[in-house]
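# Survey of secondary and tertiary structure
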Amino acid sequence: MTEGTGRHAGDLPDDLTDVEAGMWQAFRDGSVYDLRSGDAAVDDPHGPSPWGPGRSVRARVVCWLLLDGPPALAGRVSSLKLTGLRITGTLDLAGGTVVPYVELKGCRFENDVLLPEARFTTVRLVDCAVPRLEAARVHTEGDLHLPRCRFLAGVRLTDARIGTDLLLNQANVHHDRTGRSIAADGLTVGQDLQAELLRAHGEISLRSAKIGASLSLRGAKVTSPYTRFALNAPQLTVGRTLYLTPAALGSPLLSGVTPARGTRIQPFECQGGLRLDDGRFGEAVDLEGARFAFTDEQALTLRRVQAPELRFLGERPPRGQVVLSGARIATLVDRAAGWPGPGCLHMGGFVYENLVPRGPFPLAERLDWVAAATAEFNPEPYERLAAVLREAGEDEDAREVLLAKHRRRRETLPPAAKLWGYVQDGAVAYGYRPGRAAVWMAVLWAAGSLAFAHAGRPEPGPGAHQQWNPALYALDLLLPVVDFGQASQWQLDGPWQWVAAAMVLLGWTLATTVAAGATRMLRRS
């Protein structure tokens with residue numbers, strides 16, 4: 001290629017093809033260079049129809065225009081706007097600084113696009129066929145848009161810096177040699193990262209990524225049979241909300257719009273593990289309608305996540321684990337049908353301050369939810385639930401939760417302690433139903449009074465000065481501390497001595513259980 005005289009004045013180089021010459025002039029003019037035929041099947045960049053020399057430009061010429069192109073025509077702004085072209089060779093802008101605006105629509109790339117450590121203002125590749133995008137540490141002052149593009153060997157955006165928005169809506173990304181479809185560890189996006197209706201055939205890696213506003217994967221489908229995680233994003237920081245929610249199909253407005261009645265909905269689907277450990281979210285993590293397909297070894301993990309709100313409203317995973325250990329959430333919005341069963345839920349150290357159930361979530365099912373998270377007895381989930389219910393004014397439900405905690409603990413005790421637990425439960429429900437003590441006392445007193453009335457008048461003891469009273473005698477035996485003088489002055493004989501001894505034993509047992517329950521309640525207060 002001749003980069004000869006007159007280039008800075010805008011003269012055409014000598015060896016440009018007619019197609020490249022047209023692109024050169026469109027660049028100076030800032031206009032769109034469109035070589036579509038008008039036949040949708042032929043113009044499909046992902047279709048089988050061949051595009052010959054009449055629609056082809058060399059990648060070297062494209063790089064020349066972007067890095068050291070001719071000046072714009074008077075009153076125009078130079079920019080590269082291509083539609084329906086085939087770029088042959090390798091587009092290599094590694095380490096370069098590209099000032100002109102770049103927008104390619106419906107184009108085909110013969111080889112990988114190499115943009116590592118390049119600097120751009122704004123780049124838009126829309127509905128393009130690209131073997132692979134290598135853009136580690138790329139920097140854009142504005143947007144990087146890649147909607148509806150197809151990448152046959154993955155996208156690399158490791159440590160990239162995107163000034164405003166990163167768009168991957170409806171992109172179709174296949175995996176690279178490592179099994180990853182999108183490698184974006186350390187990515188920084190100034191505003192939104194939108195990947196709605198994305199199809200990712202491999203792991204999406206967003207470790208330590210920082211998103212200034214929202215991260216939307218509405219309607220995305222992420223599949224990774226090659227790696228442990230389909231979405232691997234530990235230490236992810238999102239300024240607002242992470243959306244793993246449904247999207248409306250066929251809608252020109254994919255984000256933030258309530259679909260009209262009858263609109264087809266595509267839920268977020270994840271086939272493979274999903275890790276958000278140590279993430280920080282400014283507003284919420286939204287899992288409404290999300291579908292998960294895990295193996296027994298895979299999990300949805302949110303260890304030590306911090307967010308004002310967690311909307312756990314997805315479908316129940318048929319297999320795998322859900323891990324919330326150490327997470328701190330202000331408001332938990334959930335529904336009973338979304339949580340996995342026993343042995344598949346882990347909530348050690350999970351802190352939440354408010355519960356907002358979506359749909360019916362009775363206390364019995366909430367207790368099953370806690371039990372599912374504690375294969376081995378752990379008091380912490382019970383105490384957290386009771387504290388939240390008490391703060392919400394549900395004192396009776398809070399007592400039921402704490403009672404369930406003691407009943408669950410009882411099953412871990414040795415036989416003697418377990419028997420004593422049953423006694424406390426039956427007598428006063430571990431102190432959470434103190435009214436039972438009065439009922440038991442009344443029943444025992446009535447039974448004792450009736451029994452001693454049929455015993456006949458016993459022999460008085462030495463120095464007896466009170467009249468025989470069966471009711472006071474029974475009460476004197478039942479109350480361990482109070483002395484009415486009956487038990488010390490009247491002595492029963494024969495089988496009635498055993499009845500009296502049983503009354504004393506029952507009185508002490510009842511008093512001990514009441515004292516244990518009172519101590520427990522005082523400790524809680």
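These figures come from a predicted structure and were not determined experimentally.

## Some remarks on the overall build of the chain
A count of helices and strands for the chain gives 11 helices and 45 strands. Here the contacts in the chain between residues at least 6 apart in sequence split such that 51% fall between residues at least 24 apart. Approximately 24000 Å² of the chain is accessible, and the part contributed by carbon and sulfur atoms is 54%.

## Some details on the pattern of salt bridges
A full pass over the atoms with the stated rule returns 26 salt bridges. Between Asp 277 and Arg 303 there is a salt bridge, with the nearest N and O atoms lying 3.4 Å from each other. Note that Asp 277 is positioned in the loop between strand E34 (273–275) and strand E35 (280–281) and Arg 303 in the loop between strand E38 (299–301) and strand E39 (306–312), a separation of 26 residues in sequence. A relative accessible area of 31% places Arg 303 in the partly exposed class. Put simply, Asp 296 and Arg 319 hold a salt bridge, and the shortest N to O gap is 3.1 Å. Of the two residues, Asp 296 is situated in the loop between strand E37 (291–293) and E38 and Arg 319 in the loop between E39 and strand E40 (321–323); the sequence distance between them amounts to 23 residues. Look at the salt bridges and you will find they share partners, linking Arg 132, Glu 134, Arg 156 and Asp 176 into a network.

## A short note on the pairing of strand E20 (residues 180–183)
In terms of strand pairing, strand E16 (residues 155–156) meets E20 through 2 bridges, oriented parallel. Note on E20: the bridge partner recorded for Val 155 is Ile 182. Here E20 runs beside strand E24 (residues 203–205); their pairing, made up of 3 bridges, is parallel. By the bridge assignment, Ile 182 is partnered in E24 with Ile 204.

## Details of the packing of helix H4 (residues 363–372) against helix H6 (residues 395–410)
Relative orientation of the contacting elements H4 and H6 amounts to 40 degrees, with a least axis distance of 11 Å. In terms of orientation, H4 and H6 fall into the oblique class. Seen from above, H4 lies across H6 with right-handed handedness. Contacts from Leu 363, Leu 367 and Ala 371 of H4 reach H6 at Asp 397, Glu 400, Val 401, Ala 404 and Arg 408. Classifying every residue of the contact of H4 with H6 gives 5 nonpolar, no polar and 3 charged.

## With respect to the nonpolar core
Residues Leu 104, Leu 187, Leu 198 and Phe 268 are the most contacted members of the largest nonpolar core, which totals 115 residues. With 7 residues, helix H3 (residues 59–68) is the largest single contributor of residues to this core. If we ignore the near neighbours within four places in the chain, the residues touching Leu 198 are Leu 168, Gln 170, Ala 171, Val 173, Ile 182, Ile 204, Leu 217, Ala 220 and Lys 221.

## Some remarks on the confidence of the model for the chain
Put simply, the chain has an average pLDDT of 85, and 78% of its residues get 70 or more. The low-confidence segment residues 1–7, where pLDDT is below 50, has 18 contacts with residues more than four positions distant or belonging to other chains.

## Side note on the side chain of Thr 122
Mapped onto the elements, Thr 122 comes out in the loop between strand E9 (119–120) and strand E10 (123–126). Apart from the residues lying within four places of it in its own chain, the contact partners of Thr 122 are Tyr 101, Val 102, Gly 142 and Asp 143.

## Remarks on unusual backbone geometry
With a phi close to 60 degrees, Arg 148 is a non-glycine residue in the positive phi region. As for its placement among the helices and strands, Arg 148 is situated in the loop between strand E14 (144–145) and strand E15 (150–151). Arg 148 gets classed as partly exposed once you look at its relative accessible area, which sits at 40%.

## Remarks on the packing of aromatic side chains
A full pass over the atoms with the stated rule returns 7 aromatic pairs. Both rings, one in Phe 350 and one in Tyr 352, keep their centres 5.2 Å apart while their planes meet at 45 degrees; by these two values the pair is tilted. Assigned by exposure class, Phe 350 and Tyr 352 land together as buried. An aromatic cluster of at least three residues, connected via ring pairs, comprises Phe 312, Trp 339, Phe 350, Tyr 352 and Trp 369. The ring of Phe 361 has Arg 366 lying over it, and the distance from NZ or CZ to the ring centre is 3.7 Å. Geometry around Trp 369 places Arg 366 over its ring, the cationic atom sitting 4.8 Å from the centre.

## Quick word on the packing of H4 against helix H5 (residues 379–391)
Helix-helix packing is characterised by the crossing angle of the two axes and by the distance between the axes. Between H4 and H5, the least distance of the axes is 9 Å, while the angle of their chain directions is 145 degrees. The way H4 lies across H5 gives a crossing that is right-handed. Contacts between H4 and H5 involve Leu 363, Arg 366, Val 370 and Ala 371 from the first element and Pro 381, Tyr 382, Leu 385 and Leu 389 from the second. Across the contact of H4 with H5, the residue classes break down as 7 nonpolar, no polar and 1 charged.

Conventions used here
Residues numbered from 1 in each chain as written. Predicted model: local features only at pLDDT ≥ 70, side-chain atom pairs only at ≥ 80, totals over all residues. Heavy atoms only, no water. Helix = DSSP H or I, 4+ residues; strand = E, 2+ residues; numbered from the N terminus. Contact = heavy atoms within 4.5 Å. Areas by Shrake-Rupley, 256 points an atom, 1.4 Å probe, with all protein chains shown as cover. Salt bridge = Lys/Arg side-chain N within 4 Å of Asp/Glu carboxyl O. Buried < 20%, exposed > 50% of the residue type's maximum accessible area, 1.4 Å probe, protein only. Pairing = 2+ DSSP bridges. Axes fitted to C-alpha atoms, helices over the stretch in contact; angles between N-to-C directions. Parallel < 35°, antiparallel > 145°, perpendicular 65-115°, else oblique. Left-handed = near helix turned anticlockwise from the far one by under 90°. Nonpolar A, V, L, I, M, F, W, Y, C, P; charged D, E, K, R; others polar. Core = buried A, V, L, I, M, F, W, Y, C linked by side-chain atoms within 4.5 Å. pLDDT = per-residue confidence, 0-100. Phe/Tyr/Trp six-rings, centres within 6.5 Å; stacked < 30°, edge-to-face > 60°. Lys NZ or Arg CZ within 6 Å of the ring centre and 35° of its normal.

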